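Remarks on the overall topology
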Amino acid sequence: MVGMRSSQRLFRRCLHLGHRRRFRFATKLIDYIRYARFCVVSLAYNSFTNSDVVIESLFEPVYWLVDHVTRWFGIVFVALVIVLTSSIVLIVYICVLPLIIQTYSTAWIYWHVSYGHWNLIMIVFHYYKATTTPPGHPSQMETDIPSVSICRKCIAHKPARTHHCSICSRCVLKMDHHCPWLNNCVGHYNHRYFFSFCLFMTMGCIYCSISSRVMFREAYSAIEKMKLQEKERLQFAANETYNETPPPTFTFRERLFHKCIIYLWVLCSSVALALGALTLWHAMLISRGETSIERHINKKERKRQQLIGKVFYNPYSYGRCGNWKVFFGVERKLHWLTRVALPSSHLPFGKGLTWNAPPWILNQQPCVLDI
């Protein structure tokens, strides 16, 4: 009886010991899992992490692919702009201008020749300057540059209105956007060239569309007539027993002429609509003293200020007229002619590192910049 009790006691102790060992193993396993999780969180911890950062991190491979494709295809886009523009200029010189000289009066001939060549010079000049002028980059060597933050990609000081371009892999002063058609960023030093190119290219496309509208209607009717005659000629050839067919009514030169006119009108009208909308958008941004990036930033800040009962004011706006003067670098009235209506390589105000406060901030009331 005593031996049976002692054996039972020993058996219970063994069961309890096995249970304790299993419990200790589970506890150590949980501790290891918690430790590993702590290491991962400590390495990846960021106090600024939110849903936007997580989404951006998930789409980082897509952004990388788009950035590299845009970077390598930039030269192709520039070549495409040059080829399309050159083709329109050749068609105007070969097809449109001779008809203008033959049919228009002397005054209208002088107008078309003067305006057309002025517009062409402005387009070529501003496109060349927009593609070859660096947008401006903050120095990574100087440490006394006034900055508002540190670029997390360049690990360098970032002045006000400066943003990082993932395509150029550099920070850009007063960055607006990266334009693939220029193969260049649009920033502090070439923003005026970019907008002027868009403006004069839109004006040139509208001018070509309006000037060739009558010729386009005639060419379109001629093309339709060509198709009808071609269909009748094939039917006639099928019904005849001999191999000879009647000669075509339109010669190869006439066919090429009409197709060139249609190509000119369709391309110029399409570019005028698309580029005209982009030009109006940037004109609105310039009137507000904003860039494309600042538009989204100010929109969020405006909503945030409204929630707390405050009104947001753009600290870089000098009033509508003042913004245009600062943008074009106009200091006196004559500069509207010499710096806006004529080709000019003058530098913008400032170096893009610091920005003077608008007069309405200094005077605590809205006013227009007096330049």
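Residues numbered from 1 in each chain as written. Predicted model: local features only at pLDDT ≥ 70, side-chain atom pairs only at ≥ 80, totals over all residues. Heavy atoms only, no water.

To continue, consider the UniProt feature "transmembrane region" (unreviewed entry) in the protein chain. Feature annotation in UniProt places "transmembrane region" (unreviewed entry) on residues 29-48, 72-101, 108-128, 193-216 and 262-284, given in this structure's numbering. With 96% helix and 0% strand, residues 193-216 has end C-alpha atoms that lie 32 Å from one another. End C-alpha atoms of residues 262-284 are separated by 33 Å, and the span's content is 100% helix alongside 0% strand. (UniProt positions renumbered as here; feature names shortened; annotations may be inferred. Helix = DSSP H or I, 4+ residues; strand = E, 2+ residues; numbered from the N terminus.)

This next bit is on helix α4 (residues 106-132). The end-to-end C-alpha distance of α4 is 39 Å, a good match for the 39 Å that 27 residues give at a rise of 1.5 Å each. Every buried residue belonging to α4 is among Ile109, His112, Tyr115, Asn119, Met122, Ile123, Phe125, His126, Tyr127, Lys129 and Ala130, and all of these are buried. (Expected span 1.5 Å × (residues − 1). Buried < 20%, exposed > 50% of the residue type's maximum accessible area, 1.4 Å probe, protein only.)

Before going further, it helps to spend a moment on the pattern of salt bridges. Tallying each qualifying case throughout the model produces two salt bridges. One salt bridge connects Arg161 with Glu294, and the closest N-O pair in it is separated by 2.6 Å. Here Arg161 is found in the loop between β2 (156-158) and β3 (163-165), whereas its partner Glu294 is found in helix α8 (residues 292-307), with 133 residues between them in sequence. Each member of the pair, Arg161 as well as Glu294, carries the same accessibility label: buried. Close ionic contact of Arg304 with Glu301 constitutes a salt bridge, the shortest N to O distance being 2.5 Å. Here Arg304 and its partner Glu301 are both found in helix α8, three residues apart, which amounts to about one turn of the helix. (Salt bridge = Lys/Arg side-chain N within 4 Å of Asp/Glu carboxyl O.)

Taken together, the side chains of Val69, Trp72, Phe73 and Val76 define a hydrophobic patch exposed on the protein surface, amounting to about 440 Å² of accessible area. Of the residues examined, Val76 reaches a relative accessible area of 46% and is grouped as partly exposed. (Patch = residues over 30% accessible without salt bridge, like charges linked within 9 Å, V, L, I, M, F, W, Y side chains within 5 Å. Areas by Shrake-Rupley, 256 points an atom, 1.4 Å probe, with all protein chains shown as cover.)

Our next topic: unusual backbone geometry. Look at Arg161: it is not a glycine, yet its phi comes out positive at around 70 degrees. By relative accessible area, Arg161 is classed as buried at 10%. Here the phi dihedral of Asn183 falls at roughly 55 degrees; this positive angle occurs in a residue that is not glycine. For Asn183, the location among the structural elements is in the loop between β5 (177-179) and β6 (184-186).

Moving on, we get to the nonpolar core. In a soluble, globular protein the nonpolar side chains are often hidden away together inside. Leu182 and Leu264 are the most contacted members of the largest nonpolar core, which has 40 residues in total. Elements supplying a minimum of two residues to this core: α3 (60-103), α4, α5 (191-211), α6 (213-239) and α7 (252-288). If one sorts the elements of this core by residue count, α5 sits on top with nine residues. Leave out the neighbours within four places in its chain, and Leu182 touches Val78, Tyr127, Ala130, Thr131 and Phe194. (Core = buried A, V, L, I, M, F, W, Y, C linked by side-chain atoms within 4.5 Å. Contact = heavy atoms within 4.5 Å.)

Now for the side chain of Lys129. Looking at the element boundaries, Lys129 is found in helix α4. Residues within four places of Lys129 in sequence aside, it is in contact with Tyr193 and Ser345.

Our next topic: the confidence of the model for the protein chain. Per-residue pLDDT for the protein chain averages 83, and the proportion of residues at 70 or more is 77%. Confidence drops under a pLDDT of 50 for residues 365-371, and excluding neighbours within four residues, the segment shows 19 contacts in the predicted structure. (pLDDT = per-residue confidence, 0-100.)

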